[in-house]
Amino acid sequence: MKRRILESILLMVLQLGLTHALLAQSGMVTGKVTDDKGEGIPGASVTVKGTQQGTLTTVEGTYAIEAAANATLVFSFVGYLKEEIAINNRTSIDINLKTDTKALEEVVVVGYGTQRRVETTGSIASVKAEDLVQTPVANIAQGLQARVSGMQINQNSGAPGGNISVRIRGTNSINGSSEPLYVIDGIQISNGGGITDVSPLSTINPNDIESVEVLKDASASAIYGARAANGVVLITTKRGKSGKTNVTFDSYYGTQKVNKQLDVLNASEFAQLENEVFKNNYYPDPASLGEGVNWQNYIFRKAPIQNHQLSINGGNEKTQLALSLNYFDQQGTFIGSSFKRYSYRLNLDHRLSKKVKIGTSILGSYSINDGIQTGGENIGDGGAVLSSVLGAAIGAPPTLKPYREDGSIFPFGEQAGGQYREVVNPLNFAAMVMNRDIKRTLANLYAEVNFVKGLTYRASFNIDQRGELFNAYSPRSIVNKSDLNDNSGSGAKGNGNFLALLHESILTYNTNFGKNHSFKATAVFGTQLEQSNSNNLNATGFPNDATQNEALQLALTRTVSSSRSSQRLDSYLARINYGFKDKIFLDLTARVDGSSKFGANHKYGVFPAISAAYRLIEEPFIKDLTWLSDLKLRGSFGITGNAGGISPYQSLSTAASTGSDYLINHTYVTGINPTGIANPDLRWERSKQANLGIDVSLLNNRVSFIADVYHKKTDDLLYIKGLPLSAGYGSITGNFASLENKGLELALNARILDGKLKWDVSANTTFNRNKVLNLDGGVTNERFVTTYTILSVGQPLGMFKTYVFDGVNQTGEAILPGYDGRLGGHKIKDVTGDNQITAADQVIVGNPNPKFIYGFSTNLAFKGFDLGVFISGSQGNDIYNASRLSFENPLGQRNLLKGVVDRWSPTNPSNQYVSGAQGGRLPISNYVVEDGSYMRCKNLTLGYTLPRFKGVQGIRLYASANNLFTITDYSGYDPEVNTYAGSNTIIGVDNFVYPQSRSFLGGIQVTF
């Protein structure tokens, strides 16, 4: 024992002595850090390897740091290659850092190939994979919101899996689609649908994405010709890499809650109003009723959201594989709504020989959406409380009960003596079935052959197969007993199938000649076939709710419908890229597309584009500016088409069922009548676009700035033109209209700090101005699309035109003829001054198009911790808050918004809220036009990466808050809203759409 104690004491003495000796050898090391021109680099990082000890260089590039004689110093600075230098007993070390040329070698995906970033001549924006999934999103486009200048993304509905609308450089069509083309690993898909539809992009897992490039101008997108007028979004999924196999598990779980509730009348206030409107003293003591039922508490809920993904990535020099499995589950903040997705991805690449490579990409998903009806289009009448759960919840009397004593839903017609039969229990909507099951497979199979050096042929075979099953049922149990009849209970089943087959043969030749010239030529032939079919069965009159819609044969009345369509697109294209000294670049593109959808006289369209770039940084007089890292000017012009403007067969004469049966010879015969007139001149919508851009990088690429100015004119827009009665048809679809978009895009990225504390920021903003140039050849200059929205030559799309609200009619004031006004009712302004109210008094009162949109993000990292903040916003757009027409109108039998407490009466001459009156109706005026500007904190994330340990490459824990706050003056639930979903002409309308929610979640990312 004594011997062991002596050995331990001796060992401690030796260790202390050794430590003292090492410390004695420590000293101060000084020196200077310079660039490749010999000039000092201020702010460069100098650290002692393996420690937290470090410093930054001075303005002159000098440094001083204490370190052991045998230590190693690490020198680094943004834009330069990192260097490690062993001290070796030296006290002075000067070092020259070499420029990091990877910025010049950065590669971006373009149509049918890749390019170095410096070679791009068009307007192309890139988004990192980690930015896409910073917020918990159900589809790709949600992750792009506010991250790309020139790209406006609106979440039309906050429902799980809800639809979105995307506009790249404005709206480009009137009746056709304005959604961009999405190309996922070569597979072309489109987005669309109504406010209650599931977004097609929701069937694709955003976590599988490697990178996204947005092609904005014509030179970048013309390679896709007839489908590129609205821009193109190129999506590349993660592929396997040679080397060690990595297994990654990524998981998060959180909760969601609506951001706000609207203030409504409580039971006492409602009862008082009812007595006032009906003058029957139905509620003898309103004050005794108190608060009553807040129906919003019954339809809103805290809802979980979770996502779990397992990914495997690896391979060797011959074979690389990437495999992922994903489960996403988002329960809605409205009862009865949810979205689930099960998906997998398999990317496989295999080199058969030095010259032959084959591979495949497969994305498969199965999604289940349980929806609930929101966003009804009934404006200002009783339908507003019957067509959506939100309208029903606001209008439901707070004096009634939600449930019977047995727990079943209590119909309002069975309460209060049947007085409230015109409103419905909002819980009815949760009892209804509105379900969509979607199975989708995206698959690509390719073979690539390198014939000789620089010459490559790639054959690609793509398939997009989608099957959808729709279920709906409205039960008898929610119908008032006195209203039950043979038609009570309704159900529906529908199935739809979509198949797109695409083959593309791509020939690429890439070479350099001389010392200064690069040349690349690409030729493509493609043929695409799309087929769709649907079958629908609707039924009413069920004996009970036992089988719901699973036994439609039990219903008394059944109707059947079916459809089928097919279309084909053949394409031929060529592109030439030329470069000189990494200084001058020229791109020429031409594509010819032929579509079966167009008229016999215009089956084919030609879509050319030209673009050029000039990197002034390569000029000697610019190179001497050491603070300037890159300077490039870009210019382009091109023509693209919109094949999505029409459906198949619109160029042909069409006929359809009249919907009625005729009795002929004692037999009922279904009637068929002509519905469409042939138009052999029906052709493409064509967009001509010019673009000028500048790319600037400063301080060794520490700061980068991109600016683009563009002008896009879209001609031959499809428009429905009225015909004289003598034609036998009411209208014809033709290429009659035109409109333009012009704007400015700005984007800034900066790495402010790159030492122990890392800090970077990104910001972008877009100014776009839209204007209708022509509708139908000058015959019509203005047309009402709704009672408050117009199409007008010389004005932007979707402008609000109404009467002007001029207060409330007060005692003693004259009520002008032409308007059905009343004492205590809304007063309309006599704009023309002719002492009467006519259509001429309607004026433009609002613009739903924003003056500008913007996004801002910042990220900080320090010793394993990371903090990210992302903000988005819109400025200068108006919203037509149509819900106020229904719920600020005290006509009785429905509840109202809180402001109506201050309604007009002889003793309270309010100049805003009208008096109570049975059957009253508010006029369509700018009374409900509100400023829709907002700034929203989309995401706040705090994470911590644990130190590495054996067997685990990395573990990151994080907490995230999404839609944390919104700064806005808008009075509705959510300023980011549009009842009419992706409509080009009815924009910025809110009639109780499903609002977005705030969510808090925690997650873990582990890589083995």
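The following paragraphs examine the structure supplied in this document. (Residues numbered from 1 in each chain as written. Predicted model: local features only at pLDDT ≥ 70, side-chain atom pairs only at ≥ 80, totals over all residues. Heavy atoms only, no water.)

1. Quick notes on the overall build of the protein
Filter applied, for reference: A run of DSSP states H or I qualifies as a helix once it reaches four residues; a run of E qualifies as a strand once it reaches two. Both are numbered from the N-terminal end. Only C-alpha atoms enter the radius of gyration; for comparison, a globular chain is expected to reach 2.2 Å times N to the power 0.38, where N is the number of residues. Per-residue accessibility, obtained with a 1.4 Å probe over protein chains only, is compared with the maximum for each type, and a residue is labelled buried under 20%, exposed over 50%, and partly exposed between these values. For this analysis, residues touch if any pair of their heavy atoms sits within 4.5 Å. Residue exposure ignores everything except the shown protein chains as possible cover, and the areas themselves are Shrake-Rupley values with a 1.4 Å probe. By the counting rule applied here, Lys and Arg register as positive and Asp and Glu as negative, while His and the ends of each chain are not counted. Every charge is mapped onto a representative atom, which is NZ of Lys, CZ of Arg, CG of Asp or CD of Glu.
Each helix and strand in the protein was counted, giving 11 helices and 49 strands. For 1008 residues, the compact-globule estimate of 2.2 N^0.38 gives 30 Å, and the C-alpha radius of gyration of the protein, at 33 Å, lies within 12% of that figure. Principal-axis analysis of the C-alpha atoms places the extent of the protein at approximately 100 × 85 × 65 Å. Considering the protein as a whole, with its 1008 residues, one finds that 51% of them fall into the buried category. For the protein, long-range pairs separated by at least 24 residues make up 68% of all intrachain contacts whose partners lie at least 6 apart in sequence. Of the roughly 43900 Å² that the protein leaves accessible, carbon and sulfur atoms contribute 57%. Each charge class in the protein was averaged separately, 93 positive and 86 negative side chains, and the resulting centres sit 8 Å apart.

2. Observations concerning the sheet that holds strand E38 (residues 799-802)
The cut-off we apply is this: Pairing between strands requires that DSSP locate at least two bridges from one strand to the other. A fitted line through C-alpha atoms represents every axis, and for helices the fit uses only the stretch in contact; the resulting angles, taken between N-to-C directions, go from 0 to 180 degrees.
In space, the four strands of this open sheet follow the order E36-E37-E38-E41, with antiparallel pairing throughout. The strands lining the two open edges of the sheet, one partner per strand, are strand E36 (782-784) and strand E41 (843-846). With direction set aside, neighbouring strand axes in the sheet form an average angle of 45°. For strand E37 (residues 789-792) and E38, the ladder comprises two bridges, and the chain directions are antiparallel. Bridge pairing links Thr-789 to Phe-800 in E38.

3. Focus on unusual backbone geometry
Residue Tyr-112 is not a glycine yet carries a positive backbone phi of 60°. Tracing the backbone shows Tyr-112 in the loop between strand E8 (107-110) and strand E9 (113-116). Positive phi, normally seen in glycine, also occurs at Ala-146, with a value near 65°. Inspection of the secondary structure puts Ala-146 in the loop between helix H4 (140-144) and strand E11 (151-154). Residue classification places Ala-146 among the buried residues on the basis of a relative accessible area of 11%.

4. Here we look at the sheet that holds strand E10 (residues 124-128)
Reading across from one edge, E10-E15-E16-E13-E14 is the order of the five strands in this open sheet, with mixed pairing throughout. Two strands in the sheet have a free side with no partner beyond their single neighbour: E10 and strand E14 (187-190). Along the sheet, successive strands turn relative to each other by an average axial angle of 20°, direction set aside. Relative to strand E16 (residues 232-237), strand E13 (residues 181-184) runs parallel, the two being bridged by four bridges. Looking at the pairing, Tyr-182 lines up with Val-233 of E16.

5. Description of the pairing of strand E19 (residues 319-331)
The pairing of strand E18 (residues 303-315) with E19 spans 11 bridges and is antiparallel. Note on E19: the bridge partner recorded for Gln-306 is Asp-329. Where E18 folds back onto E19 in an antiparallel hairpin, the turn is made up of three residues. Bridging between E19 and strand E20 (residues 338-351) involves 13 bridges; their strand directions are antiparallel. What sits directly across from Asp-329, in E20, is Lys-340. Counting the residues in the hairpin turn of E19 and E20 gives six residues, including Gly-336, whose phi is positive at 85°.

6. Considering a nonpolar patch on the surface
Stated precisely, the cut-off is as follows: A patch consists of residues whose relative accessible area exceeds 30% and which take part in no salt bridge; residues with like charges are grouped when within 9 Å of each other, and nonpolar side chains (Val, Leu, Ile, Met, Phe, Trp, Tyr) when within 5 Å. Each salt bridge in this description consists of a side-chain nitrogen of Lys or Arg and a carboxyl oxygen of Asp or Glu lying within 4 Å of one another.
On the surface, a nonpolar cluster with roughly 390 Å² of combined accessible area is contributed by Ile-576, Leu-586, Leu-588, Ile-610 and Phe-637. Checked against the element boundaries, Leu-586 lands in strand E27 (residues 584-595).

7. A short note on the nonpolar core
Here is the rule: By nonpolar core we mean a set of buried residues, namely Ala, Val, Leu, Ile, Met, Phe, Trp, Tyr and Cys, connected to one another through side-chain atoms within 4.5 Å.
Formed by 47 residues in total, the largest nonpolar core has its most connected members in Phe-334, Ile-394, Tyr-880 and Val-989. Elements with a contribution of two residues or more to this core: helix H6 (267-278), helix H8 (389-395) and helix H11 (883-887). Broken down by element, this core gets its largest block of residues, five residues, from H8. Those residues in contact with Ile-394 that lie beyond four places of it in its chain are Leu-262, Val-264, Gln-296, Phe-887, Asn-895, Leu-896, Leu-897, Tyr-973 and Phe-992.

8. A closer look at the environment of Ser-474
Following the sequence through the fold, Ser-474 ends up in strand E23 (residues 455-474). A C-alpha to C-alpha distance of 8.9 Å links Ser-474 and Asn-549, two positions 75 residues apart in sequence. If we skip the residues at most four places from it in the chain, Ser-474 touches Met-432, Gly-489 and Ser-490.

9. Some points on the pattern of salt bridges
Between side chains of opposite charge, a pair can form when the charged atoms approach closely. Applying the stated criterion across every chain yields a total of 35 salt bridges. Asp-208 is the partner of Arg-345 in a salt bridge, and the nearest nitrogen-oxygen pair spans 2.9 Å. Here the residue Arg-345 occupies a position in strand E20, and Asp-208 occupies one in the loop between E14 and strand E15 (209-215), the gap between them amounting to 137 residues. The closest approach of N and O atoms between Asp-708 and Arg-634, which form a salt bridge, is 3.0 Å.

10. Details of the packing of aromatic side chains
The criterion, for reference: Between the rings of Phe, Tyr and Trp (Trp by its six-membered ring), a pair exists once the centres lie within 6.5 Å; its type follows the angle of the planes, with under 30 degrees stacked, over 60 edge-to-face, and the other angles tilted.
Counted according to the given criterion, the structure contains 25 aromatic pairs. Considering the side-chain rings of Tyr-342 and Tyr-366, the 6.3 Å spacing of their centres and the 20° angle between planes classify their relative orientation as stacked. Of the two residues, Tyr-342 sits in strand E20 while Tyr-366 sits in strand E21 (residues 356-370), which places them 24 residues apart along the sequence. A relative accessible area of 37% places Tyr-342 in the partly exposed class. Overall, Tyr-366 belongs to the partly exposed group, its relative accessible area being 28%. Where Tyr-473 meets Phe-542, the ring centres are 5.3 Å apart and the plane angle is 85°; that geometry is what we call edge-to-face. Taken together, the residues Tyr-473 in strand E23 and Phe-542 in the loop between strand E25 (517-540) and strand E26 (557-580) connect sequence positions 69 residues apart. Just as Tyr-473 is buried, Phe-542 falls in that class too. One aromatic cluster is present, formed by Phe-300, Phe-334, Phe-887, Tyr-973, Phe-992 and Tyr-994 through successive ring pairs.

11. Re the side chain of Asp-708
To keep it simple, the criterion reads: What qualifies as a polar contact is a pair of N or O atoms within 3.5 Å, subject to a donor-acceptor requirement within protein and to the restriction that residues adjacent in sequence count only when both atoms come from side chains.
By the element assignment, Asp-708 lies in strand E33 (residues 703-722). A distance of 3.0 Å separates a polar atom in the side chain of Asp-708 from a polar atom in the side chain of Arg-634. Polar side-chain contacts of Asp-708 include one of 2.8 Å to the side chain of Asn-691. Not counting residues within four places of it along the chain, the set of residues in contact with Asp-708 comprises Ser-123, Arg-169, Arg-634, Asn-691, Leu-692, Gly-693, Gly-743, Leu-744 and Glu-745.

Coordinates in, geometry out; function isn't part of it.
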